Amino acid sequence: MDTFAAEITLSMRFSFFAGLLFLMGSSIAGAQESFTLSGQLRDADTGEDLPFAAIVAPDIEAVGTTSNVYGFYSITLPKGVHRLQFINMGYVTVEEAIDFSQDQRLDVEMSSNIEMLEEAVVASEKENSTVTSNEGSLTTIDMKDVKKITVFGGEPDIMKIVQFDPGVKPAGEGSSGFYVRGGGIDQNLILLDEAVVYNPSHLLGLFSVFNGDALKGANLYKGGMPAEFGGRASSVMDMRMKDGNSKHLTASGGLGILSGRLTLEGPLVKDKSSFIVSGRRTWTDLLLSAAGGDWSTSSLFFYDFNAKVNYRFNENNRLFASGYFGRDKFGFQDQFGLNWGNATGTLRWNHILNERLFSNTSLVLSNYDYEFGLGMGEDGIAVQSVIRDVNVKQDFSYYLNNDNTLKLGFNVIHHTLEPGNLDAGNNTGLSNREADQKYGFENAVYVQNQQQLTPKLNANYGLRVSHFSQVGSGTKYTFDNDGNLLTSEDFEAGERIADYLQWEPRLSLNYAVNEMSALKLGFNRSAQYMHLLTNATSSTPTDTWIMSSNNVRPQMTNQLALGLFNTLRSGTYEFSLEGYYKDMQNLIDYRNGADVLFNELIEGDLLSGNGEAYGIEFLAKKKRGRFSGQFGYTWSRSFRQIDGINNGDKYSARQDRIHDLNIVALFQLNERVSLSSNFVYYTGDAVTFPSGRYYVDGMLVPLYTARNAERMPDYHRLDFGLTIEGKENESYTSSWSIGIYNVYGRENAFSISFEPSDNDPLDTEAVQLSLFKYVPSITYNFAFK
Amino acid sequence: MKSVHFSALLTALALTNMSCEKVIDLELDTAEASTVIEGKLEASATEFQLAISQTSAYFSPALPVPVYGAEVNLRDNQGNVWPMTELSNGTYQAELTPEIGQTYSLEVFVLDETYRASSSLLPAVELMAVDYEYQPGNGILGEGYVVSLLFEDDGSTKNYYQIKHSINGEDQNNADDLLLYDDNLFNGNEVSLPITGKSFNPGDTLEIHLIHMDGPSFEYLSTLSDIVGSPGGPNGAVAAPSNPLSNWTNGALGFFTCQSASTQVIVLP
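All of the points below concern the structure found in this document. (Residues numbered from 1 in each chain as written. Chains lettered and ligands numbered in written order. Predicted model: local features only at pLDDT ≥ 70, side-chain atom pairs only at ≥ 80, totals over all residues. Heavy atoms only, no water.)

### Details of the overall build of chain A
Line of reasoning, step 1. Of the regular secondary structure elements, chain A holds six helices and 49 strands.
Line of reasoning, step 2. The buried share of chain A, taken over its 785 residues, is 59%.
Line of reasoning, step 3. Considering only contacts in chain A between residues 6 or more positions apart, those separated by 24 or more positions represent 64%.
Line of reasoning, step 4. Roughly 30,500 Å² of accessible area belongs to chain A as shown, and the carbon and sulfur atoms make up 57% of that amount. (Helix = DSSP H or I, 4+ residues; strand = E, 2+ residues; numbered from the N terminus. Buried < 20%, exposed > 50% of the residue type's maximum accessible area, 1.4 Å probe, protein only. Contact = heavy atoms within 4.5 Å. Areas by Shrake-Rupley, 256 points an atom, 1.4 Å probe, with all protein chains shown as cover.)

Here you go:
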């Protein structure tokens with residue numbers, strides 16, 4: 001594998017330099033003077049940056065650029081007067097005629113004024129955006145588009161929306177974790193303003209930790225990730241918070257049966273500085289105390305709090321500070337309690353060095369902890385586990401010329417893991433234990449270029465070189481093949497215990513066959529150094545994260561994806577058909593009989609092996625008109641092969657869901673009322689069921705043979721939603737969202753267990769537990785303009 | 001521990017009152033029959049019995065079918081051999097006085113296959129006291145007595161325990177009654193271990209056993225406890241169940257264990 005990677009990187013580097021020489025050669029040969037126009041794109045009403053908008057010179061063939069994630073754009077054209085169009089979906093196109101006689105700065109504000117949109121709307125659509133935007137395997141979610149789709153709980157939940165995409169499979173009812181193209185549940189890099197969120201799920205996965213009102217949008221990469229992203233093997237979900245309305249103070253929020261939310265945003269200094277503060281809480285615990293009795297001293301709630309403030313020092317410098325804090329608490333009187341939470345903080349400096357060079361410097365902190373307790377005081381025990389990351393990252397975007405946009409940067413992450421501290425009261429007879437803390441450095445440096453090779457062929461290619469080292473203070477353990485401890489060696493603080501270096505080439509090609517179709521190819525090799533050990537499917541907060549070490553090698557993935565993309569009627573319809581093949585190495589699983597809790601020697605109980613996933617994804621969308629929606633179908637397989645599990649034979653991964661169907665339909669009944677519905681169907685998870693029985697010590701024992709050879713029943717459900725906009729008002733909009741989750745009450749299996757029959761104690765029956773049927777949600781939403 | 005999280009999940013769901021349970025028809029493949037050999041050598045007993053049976057289809061409501069005609073030999077470290085005689089009900093028996101500190105091994109030849117296992121007979125750990133406390137009851141446990149066993153763990157070795165009990169003469173033998181502990185969290189301490197998840201009624205006569213066993217026996221029982229009882233399916237307490245780690249060679253199911261116990265009888269007021 002290493003030589004293969006080395007070969008790829010050599011050829012990558014060669015083609016990169018060849019490309020550069022060619023460009024430089026052609027621009028010298030051209031001998032014409034060029035000048036650069038650069039600036040910020042912003043929303044005229046709120047002042048929010050507009051990322052990924054298109055800036056096109058319509059009179060010159062195949063010349064254009066896009067604004068970066070912070071709304072900065074830079075376009076270089078030959079001397080002379082040229083027409084420019086600023087195009088962004090949902091906004092009125094801005095046209096300017098610019099005299100390129102010197103380098104200039106132009107900040108542009110774009111309006112999403114709805115009245116104006118009605119007529120000119122078709123022109124404001126990024127012309128055939130699917131076929132021109134480079135990355136295949138990329139789904140972009142704009143929060144403005146998702147408000148009408150009803151999901152469980154009646155809130156626009158970005159994690160649930162992302163699961164409508166083919167290739168993204170929900171982990172199951174009761175979980176907001178997901179699998180992307182057959183990869184594991186820990187293989188998704190979930191970023192909120194550049195900070196990693198370790199557990200994106202609230203209670204039982206009913207809600208994610210992301211409050212839709214505070215978000216601008218997200219990009220989900222299922223493959224072909226650009227070299228600027230790394231750390232997880234299967235996907236990147238890059239979510240961005242709003243910056244806060246810098247023009248005037250507004251508030252918005254909603255009240256529902258299960259939860260409520262409120263967002264406040266506004267300028268601190270008009271057009272220079274703004275803030276946004278957002279909070280959300282469930283009130284299930286208030287319902288509990290009203291219920292009285294045993295439940296009155298119990299708790300079951302979660303809350304989220306997002307805050308962000310930014311200050312524009314001058315047109316070239318801007319500072320942002322953002323944070324997220326959330327907590328889940330579940331407790332039953334003094335008997336037991338679970339609580340967990342994420343906290344993240346980002347400090348970011350955007351600096352425009354010159355009209356072609358943009359810099360982003362960030363300091364990011366991330367903390368995830370969970371605590372679980374039994375009993376109280378001297379009779380109780382509490383177990384606590386913590387992950388803490390400190391990340392320093394630097395990114396440059398260099399707009400070399402209108403055919404090349406270079407990005408390069410580095411990041412250094414320091415990880416601290418406290419895998420399990422036990423605090424035991426004196427009466428329990430147990431000793432306090434502090435599991436050894438583990439430390440690691442995860443570093444990466446990358447360079448990538450987005451290049452228009454020919455008028456029809458666009459490429460984004462790059463190399464990411466990542467390095468991981470586990471450092472002391474800590475202990476290095478070695479084990480034999482059966483997991484018995486051989487040696488243990490202690491290390492001082494800062495001493496290197498183990499390290500890994502990985503080369504991760506990335507490539508994404510877009511060939512515009514004609515104005516309406518494109519062929520896309522994506523290749524990525526990705527390394528992952530942090531791993532989630534889980535013994536159950538849904539991401540319970542008690543799952544353990546571990547870092548790579550001398551015993552645990554980094555997970556590696558190679559993925560190739562090829563797809564055909566088509567639009568009809570200038571973007572009203574979109575079709576795509578994409579196939580992928582992914583091979584994974586160093587996937588880990590527990591050995592049979594592994595001791596999961598408080599096990600200092602857990603690395604000896606882990607086995608590693610390979611995985612393979614492949615599939616075909618089909619997506620059809622109708623994006624405009626009274627009736628809109630999408631139809632997605634995936635056929636896919638996902639396998640594992642680990643020595644020591646299933647006798648070393650290949651077996652289906654839990655998420656080997658062969659068929660996956662997702663249909664979303666929206667119907668605008670009239671100006672104020674819209675209806676939505678979605679239908680989900682997927683093959684049941686692969687699961688291990690007994691294939692015989694026997695008795696030991698008078699107890700009935702199931703016999704297991706092959707792993708994951710059986711299937712849970714297929715999953716399907718239908719949801720309905722209704723949104724009624726409130727009466728038109730100068731300063732205030734409101735709406736009612738009413739929905740029913742699982743309209744026809746399909747009892748989807750959450751678990752199947754085997755219990756002795758009531759009729760005959762020797763007989764066993766299969767008992768299925770299903771979670772949610774006919775769940776109503778009613779939410780009142782409001783927003784001050 | 002795992003079952004706590006699962007029951008926490010279930011409690012939350014029950015609260016939301018939307019979940020439901022029902023019996024379903026499930027078709028399962030039946031694997032080829034495997035041999036099951038089970039034997040427990042107790043320090044205080046004068047005879048030792050071994051049961052040999054075969055696996056059957058999962059949904060077949062029948063008692064285990066014994067296997068006849070096996071050749072079984074019991075040995076200790078000192079070269080003593082006890083050939084075991086077959087009884088009419090298909091179990092095999094040997095008469096002996098077990099000696100603490102010996103490692104006993106079995107060789108079983110049945111259905112053209114040979115299986116071997118061995119286990120060490122460790123000294124009993126003294127059950128110092130049995131404490132009980134009356135609890136008024138909470139949502140999970142009804143009112144009644146919670147009973148704990150007090151003993152001292154030997155800090156110089158790794159020890160493995162099982163707690164067994166009977167109520168008014170009836171042995172408590174459900175999956176939930178399989179209580180196993182290793183000394184990972186209390187090595188060398190004087191410890192009070194409760195009989196978890198159960199409350200007893202006033203007037204009950206309890207016979208409590210503190211059983212001491214070796215590592216492989218404990219491994220078997222703890223991997224067994226992962227799969228007996230209710231949890232199952234991908235969202236249950238154990239997502240990827242597998243057969244317990246047996247100390248038999250050649251793939252026999254079941255286990256051979258040597259155990260010593262310290263017993264006390266109490267009557268709750």
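### Remarks on the overall build of chain B
Line of reasoning, step 1. Each helix and strand counted, chain B has two helices and 17 strands in total.
Line of reasoning, step 2. By the burial criterion, 47% of the 269 residues in chain B qualify as buried.
Line of reasoning, step 3. Once local pairs closer than 6 in sequence are excluded, the contacts in chain B between residues at least 24 apart make up 64%.
Line of reasoning, step 4. Within the structure as shown, chain B displays about 12,300 Å² of accessible surface, and the carbon and sulfur contribution to it stands at 47%.

### Comments concerning the environment of A:Pro713
All names here are of chain A.
Line of reasoning, step 1. Topologically, Pro 713 is positioned in the loop between strand S44 (710-711) and strand S45 (715-725).
Line of reasoning, step 2. Taking C-alpha positions, Pro 713 is 22 Å from Asn 646, a pair spaced 67 residues apart along the chain.
Line of reasoning, step 3. Not counting residues within four places of it along the chain, the set of residues in contact with Pro 713 comprises Gly 684, Arg 746, Ala 749, Ile 752 and Gln 768.

### Examining the sheet that holds strand S5 (residues 81-83) of chain B
All names here are of chain B.
Line of reasoning, step 1. Spatial ordering of the open sheet is given by S5-S4-S8-S9, a layout of four strands whose pairing is antiparallel. Two strands bound the open sheet, and with one partner strand each, they are S5 and strand S9 (113-120). On average, each strand axis in the sheet is inclined to that of its neighbour by 15°, with strand direction left out of account. (Pairing = 2+ DSSP bridges. Axes fitted to C-alpha atoms, helices over the stretch in contact; angles between N-to-C directions.)

### Observations concerning the pattern of salt bridges
Residues and elements named next belong to chain A.
Line of reasoning, step 1. Scanning the entire structure with this criterion turns up 44 salt bridges over all chains.
Line of reasoning, step 2. A salt bridge links Asp 369 to Arg 327; the shortest N-O distance between them is 2.9 Å. With Asp 369 in strand S22 (residues 357-374) and Arg 327 in strand S20 (residues 317-332), this residue pair connects regions lying 42 residues apart in the sequence. For the pair Asp 369 and Arg 327, one class covers both residues: buried.
Line of reasoning, step 3. Each of Glu 48, Asp 49, Asp 193, Lys 216, Asp 243, Lys 308 and Arg 318 takes part in one network of salt bridges that share partners. (Salt bridge = Lys/Arg side-chain N within 4 Å of Asp/Glu carboxyl O.)

### Here we look at the pairing of strand S30 (residues 496-512) of chain A
Residues and elements named next belong to chain A.
Line of reasoning, step 1. For strand S27 (residues 457-471) and S30, the ladder comprises 15 bridges, and the chain directions are antiparallel. In the sheet register, Asn 460 faces S30, and the bridge partner there is Ser 508.
Line of reasoning, step 2. In this structure, S30 lies alongside strand S31 (residues 517-528), joined through seven bridges in antiparallel fashion. From the neighbouring strand, Leu 507 faces S31, where its bridge partner is Phe 523.
Line of reasoning, step 3. Linkage of S30 to S31, two consecutive antiparallel strands, is achieved through a turn of four residues.

### Structural notes on the nonpolar core
Residues and elements named next belong to chain A.
Line of reasoning, step 1. Ranked by internal contacts, the top residues of the largest apolar core, which has 49 residues, are Tyr 198, Val 236 and Trp 545.
Line of reasoning, step 2. In this view, Trp 545 contacts Asp 186, Tyr 198, Arg 232, Ile 387, Leu 417, Met 530, His 531 and Leu 532; residues no more than four positions away in its chain are not counted.
Line of reasoning, step 3. Met 159, Phe 210, Ala 218 and Leu 220 belong to the second-largest nonpolar core, a separate cluster that totals 26 residues. (Core = buried A, V, L, I, M, F, W, Y, C linked by side-chain atoms within 4.5 Å.)

### Structural notes on the packing of aromatic side chains
Residue and element names in this part refer to chain A.
Line of reasoning, step 1. Tallied over the full model, the rule gives 37 aromatic pairs over all chains.
Line of reasoning, step 2. On the numbers, 5.9 Å between centres and 20° between planes, the contact of Tyr 70 with Phe 358 is stacked. Of the two residues, Tyr 70 is situated in the loop between strand S3 (64-66) and strand S4 (72-78) and Phe 358 in strand S22; the sequence distance between them amounts to 288 residues.
Line of reasoning, step 3. When its relative accessible area of 2% is taken as the criterion, Phe 358 is described as buried. (Phe/Tyr/Trp six-rings, centres within 6.5 Å; stacked < 30°, edge-to-face > 60°.)

### Some details on unusual backbone geometry
Residue and element names in this part refer to chain A.
Line of reasoning, step 1. The omega torsion across Gly 472 and Ser 473 is 10°, close enough to zero to call that bond cis.
Line of reasoning, step 2. Tracing the backbone through its elements, the reader meets Ser 473 in the loop between S27 and strand S28 (474-479).
Line of reasoning, step 3. Even without a glycine there, the phi angle at Tyr 774 is positive, about 45°.
Line of reasoning, step 4. Checked against the element boundaries, Tyr 774 lands in the loop between strand S48 (764-770) and strand S49 (775-784).

### Notes on the environment of B:Gly69
Residues and elements named next belong to chain B.
Line of reasoning, step 1. Looking at the secondary structure, you find Gly 69 in the loop between strand S3 (47-54) and strand S4 (71-75).
Line of reasoning, step 2. We classify Gly 69 as exposed; its relative accessible area is 58%.
Line of reasoning, step 3. Expressed as a C-alpha distance, the spacing of Gly 69 and Glu 86, which sit 17 residues apart in the sequence, is 7.7 Å.
Line of reasoning, step 4. Once you skip the residues sitting within four places of it in the chain, Gly 69 turns out to touch Glu 86 and Tyr 92.

### Topic: the sheet that holds strand S47 (residues 749-756) of chain A
Line of reasoning, step 1. Spatially, the three strands line up as an open sheet ordered S47(A)-S48(A)-S1(B), and their pairing is antiparallel. Two strands in the sheet have a free side with no partner beyond their single neighbour: S47 of chain A together with strand S1 (20-24) of chain B. On average, each strand axis in the sheet is inclined to that of its neighbour by 30°, with strand direction left out of account.
Line of reasoning, step 2. Two strands pair when backbone bridges link them, and S48(A) and S1(B) are joined in this way by five bridges, in the antiparallel orientation. Bridging across to S1(B), A:Leu769 finds its partner in B:Glu21.

### Points about the environment of A:Ile75
All names here are of chain A.
Line of reasoning, step 1. For Ile 75, the position within the fold is in strand S4.
Line of reasoning, step 2. The buried category is assigned to Ile 75, whose relative accessible area is 1%.
Line of reasoning, step 3. Residues Ile 75 and Ala 57 lie 18 residues apart in sequence; the distance between their C-alpha atoms is 9.2 Å.
Line of reasoning, step 4. Other than its neighbours up to four places away in sequence, Ile 75 contacts Phe 35, Thr 36, Leu 37, Ile 55, Val 63, Gly 64, Thr 65, Leu 84 and Phe 100.

### Topic: the pairing of strand S26 (residues 438-452) of chain A
All names here are of chain A.
Line of reasoning, step 1. As defined by bridge partners, strand S24 (residues 404-424) adjoins S26 across 14 bridges and the pair is classed as antiparallel. Within the sheet, the bridge partner assigned to Val 412 lies in S26 and is Asn 443.
Line of reasoning, step 2. As paired elements, S26 and S27 share 14 bridges and run antiparallel to each other. When the bridges of S27 are listed, Tyr 446 appears paired with Arg 464.

Purely spatial values, then, with no claim about function.
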